[in-house]
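Each chain, letter by letter, is given below.
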Protein chains: 2
Amino acid sequence: MGFCIQITVNEKLYLKNPQETKLGKKIIEHSILMIDKMGIECFNFKKLAEEIQCTEASVYRYFENKNYLLMYLVTWYWEWIKFQIEFRTTNMPDPRAKLRVIIAILVESSLANEIIEYVDESALHRIVITESAKTYRTKKVQDHNEEGFYFHYKSLCRKISDIILEINPKYCYPRALAGNLVETALLQVFYARNLPSLSDVSSGKDVLCQVKTFLYHIAFSLLDEKAVFQNTVNCSTNGRNNK
Amino acid sequence: MGFCIQITVNEKLYLKNPQETKLGKKIIEHSILMIDKMGIECFNFKKLAEEIQCTEASVYRYFENKNYLLMYLVTWYWEWIKFQIEFRTTNMPDPRAKLRVIIAILVESSLANEIIEYVDESALHRIVITESAKTYRTKKVQDHNEEGFYFHYKSLCRKISDIILEINPKYCYPRALAGNLVETALLQVFYARNLPSLSDVSSGKDVLCQVKTFLYHIAFSLLDEKAVFQNTVNCSTNGRNNK
DNA sequence: TTAAAATGATAGCATTACTATCATTTTATT
DNA sequence: AATAAAATGATAGTAATGCTATCATTTTAA
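In this text, all values refer to a predicted model and were calculated from it rather than measured experimentally.

Trainee: Outline the relation of the copies chain A and chain B, listing residues and values.
Mentor: Once turned by 180° and shifted 0.0 Å along the axis, chain A lies on chain B with an RMSD of 0.0 Å. Viewed as a symmetry operation, the transformation between the two copies matches a two-fold axis. Looking at chain A, 97% of its interface residues are interface residues in chain B too, so the copies touch through the same face.

Here is the structure:
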């Protein structure tokens, strides 16, 4: 009844599609909960198998190892974010309004938490915040990139940078700004929760809202800048002078 | 002859100070080269011991494990950056000029590469770019924070945020901006080198310089913004409207 | 010269990260 | 309902990893 969303990710990330079987969904469901609880370092397939009462071998039939599983989860998350952006910005004529919605989704998406029954989006958001850097900051980036593992993340950034260019077609750093917004959305929430002295959020109030406000500030200050920045600035000064 | 810089880091990060013995320095020197080459995942103490012709047990006498060693190296790096900032900004009256120097150091520090003989600062910079997130994005952040492992990073960010406030005393997000500058300095270089479609640098020209220019743009656009941002913005709109 | 500190040499052990094989159960097809 | 195919279970095993412990030897400092 009603409609149903299927989120699909790069097939090379899994050996057998976990979304097509009961056990597969159980693997997704409980790996999210367990990684959220214990962190990817302490998590392993043996513990997961025990938790969901199956054999270790069965888990290995779905994923090569826990790193692929993590990559799968993170990729799934970005695809889910893209879906939400698509869904909530269609028919919006104003690109500025779009960007505001996107920022809100990046920060607060995890609050809306009942779309896919076997995925705890809040927990997954925490995983992405804490662990996602491990999926691409590695010596294997190049290989993983060739396999297309970052396709979903890239297309998200691409979507954001297109909107940035709608707002300000002369803006010089659309892609860098897009990536910066996405990463800052993660990092500032992480700081606010774990190392508050590195953030400016006051822990009393709503943390996510404050991060959102900071992102609005970054985005619109940079895009509204009167003087479009020149990429041809003299680089040889090495920061020693000030003009 | 001349003078000598000693960079000291939190004592809890090592079992025996590697800077005080010949073997210790060899451990630092070659671990930097090896982690740079193979990444922290493939690196281990057995390989390191083989490389420098000592026993595995000897390495374990200096560091509990490779994660502590990584944390030590990253911490050392931030302390080294702080020293350079101290050194190159003293007696500068203009805080804007200071911030420009800091940004240049964050991006290009590794080019000046002959200060401490057993540390390859270029390689260390690459390690910090690729691996540093693993030192704090972990379930153990809280514990590590209590041990003071992030003291050096925090004091760097503090130093930067103080200068930000000198430039614009009313600025609402001095710490978040400081952290953002530091992290963006790492991330954009990583992207430019590994996933260029996520950055706006043209690979032909000097990558570091372009990243520097981007950071100048962020810093001074945000700080020069006429309307100081209000932290009391209405958060309940959830990005759905645009006023 | 002698004690202390550092390192070497060797051994061992529990855990991890898989892989392989064959048996059993579940599911889909006709 | 019969049967093939797919999925999972059960079990076993192996190579590598990440240490720790012990005692001998060398180097360094007093």
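Following the structure, the description resumes.
Trainee: Before we move on, can you summarise the interface of chain A and chain B with the specific residues and values?
Mentor: Across the contact, 74 residues belong to chain A and 72 residues belong to chain B. When the buried surface of chain A facing chain B is broken down by residue, Arg137, Asp200 and His217 of chain A rank first, second and third, together holding 12% of it. Connecting chain A to chain B are four salt bridges. Notably, a salt bridge pairs Asp200 of chain B with Arg175 of chain A, separated by 3.2 Å at the nearest N-O pair. Classifying every residue of the side of chain A that touches chain B gives 32 nonpolar, 21 polar and 21 charged.

Trainee: So, helix H4 (residues 66-89) of chain B: which residues are in play, and what are the values?
Mentor: Residue and element names in this part refer to chain B. Here H4 spans 34 Å end to end across 24 residues, near enough to the 34 Å set by a 1.5 Å rise per residue. In terms of burial, H4 is a largely internal element, 18 of the 24 residues being buried. Its side-chain oxygen 2.9 Å from the backbone nitrogen of Asn67, Asn65 forms the N-cap of H4. Count one or two residues on from H4 and you reach Asn91, which has phi positive near 70°.

Trainee: I'd love a proper account of the packing of helix H6 (residues 121-131) of chain A against helix H10 (residues 174-194) of chain A, names of residues and values included.
Mentor: Residues and elements named next belong to chain A. The contact between H6 and H10 brings their axes to 9 Å, and the two run at 95°. Overall, the two elements H6 and H10 adopt an arrangement that is roughly perpendicular. Touching His125, Arg126, Val128, Ile129 and Thr130 of H6 are Leu186, Val189, Phe190 and Arg193, all from H10.

Trainee: Summarise the environment of Arg88 of chain A; cite the residues concerned and give the values.
Mentor: Residue and element names in this part refer to chain A. Tracing the backbone through its elements, the reader meets Arg88 in helix H4 (residues 66-89). Residue classification places Arg88 among the partly exposed residues on the basis of a relative accessible area of 26%. Taking C-alpha positions, Arg88 is 8.5 Å from Lys98, a pair spaced ten residues apart along the chain.

Trainee: Explain helix H1 (residues 22-42) of chain B to me, using residue names and the numbers behind them.
Mentor: Since the α-helix advances by 3.6 residues per turn, residues separated by three or four positions end up pointing in the same direction. Residues and elements named next belong to chain B. Its 21 residues give H1 an end-to-end C-alpha distance of only 25 Å, which falls more than 12% under 30 Å, the value for a rise of 1.5 Å per residue. At Asp36, H1 is deflected by roughly 85°, the largest bend along its length. Those residues of H1 lying buried are Gly24, Ile27, Ile28, His30, Ser31, Ile32, Met34, Ile35, Asp36, Gly39 and Ile40. For H1, the elements touching its buried residues are helix H2 (45-51), helix H3 (56-60), H4, helix H6 (121-131) and helix H7 (133-136). The N-cap residue of H1 is Thr21: its side-chain oxygen and the backbone nitrogen of Gly24 are 2.9 Å apart.

Trainee: Describe the protein's contact with DNA strand C, and please don't skip the residues or the numbers.
Mentor: Inspection of the region around DNA strand C gives 17 residues, with Asn65 of chain A together with Leu23, Ser58, Arg61 and Tyr62 of chain B positioned closest. What you see for DNA strand C is that sugar and phosphate hold 56% of its atoms within 4 Å of the protein. Between DNA strand C and Thr55 of chain B there is a distance of 3.4 Å, counted from a phosphate oxygen to a backbone nitrogen or oxygen. Between a base oxygen of DNA strand C and a side-chain N or O atom of Arg61 of chain B, the distance comes to 2.9 Å.

Trainee: Can you lay out the protein's contact with DNA strand D for me, pointing to particular residues and giving the numbers?
Mentor: With respect to spatial proximity, 17 residues lie near DNA strand D, and among them Ser58, Arg61 and Tyr62 of chain A together with Tyr60 and Asn65 of chain B are the closest. Of what DNA strand D places within 4 Å of the protein, 56% of the atoms are sugar or phosphate. One of the backbone N or O atoms of Thr55 of chain A is found 3.4 Å from a phosphate oxygen in DNA strand D. Taking Arg61 of chain A, its side chain carries an N or O atom lying 2.8 Å from a base oxygen of DNA strand D. Tallying contributions element by element places H3 of chain B first for the surface near DNA strand D, with three residues. In terms of residue class, the surface near DNA strand D is made up of five nonpolar, six polar and six charged.

Conventions adopted
Throughout, residues of each chain are indexed from 1 in the direction in which the sequence is written. By the order in which they are written, chains take letters starting at A while ligands take numbers starting at 1. Given that this is a predicted model, residues contribute local features only at a pLDDT of at least 70 and side-chain atom pairs are listed and counted only at 80 or more, while totals for whole chains, interfaces and linings are drawn from all residues. For the side-chain quantities, the full set of heavy atoms in the structure was used; hydrogens and water were omitted. Superposition of the copies was done by least squares, using only C-alpha atoms of residues whose pLDDT is at least 70 in both. Throughout, a residue-residue contact means that at least one pair of heavy atoms, one from each residue, lies within 4.5 Å. Summed over both partners, the accessible area (1.4 Å probe) lost when two parts come together is defined as the buried area. Any Lys or Arg side-chain nitrogen located within 4 Å of an Asp or Glu carboxyl oxygen qualifies as a salt bridge. Basically, the charged four are Asp, Glu, Lys and Arg, the nonpolar ten are Ala, Val, Leu, Ile, Met, Phe, Trp, Tyr, Cys and Pro, and anything else, Gly included, counts as polar. Segments assigned H or I by DSSP are reported as helices when at least four residues long, segments assigned E as strands when at least two residues long, and all are numbered from the N terminus. Under the convention used throughout, the expected extent of a helix is 1.5 Å for every residue step, that is, one less than its residue count. Exposed residues in this analysis have more than 50% of their type's maximum accessible area, buried residues have under 20%, and partly exposed residues fall in between, with area computed by a 1.4 Å probe over protein chains only. Within 3.5 Å is the distance limit for a polar contact, defined as a pair of N or O atoms, with the added protein rule that one can donate a hydrogen and the other accept it, and that residues adjacent in sequence qualify only through two side-chain atoms. Orientation is described by axes fitted as lines to C-alpha atoms, over the contacting stretch for helices, and by angles from 0 to 180 degrees between their N-to-C directions. For classification, angles of less than 35 degrees are called roughly parallel, those exceeding 145 degrees roughly antiparallel, those between 65 and 115 degrees roughly perpendicular, and all remaining angles oblique. Bend angle per residue: angle between axes fitted to the 7 residues ending at that residue and the 7 residues starting there. Whether a residue is near a molecule or strand depends on its heavy atoms: it is near if one of them lies within 4 Å of it.

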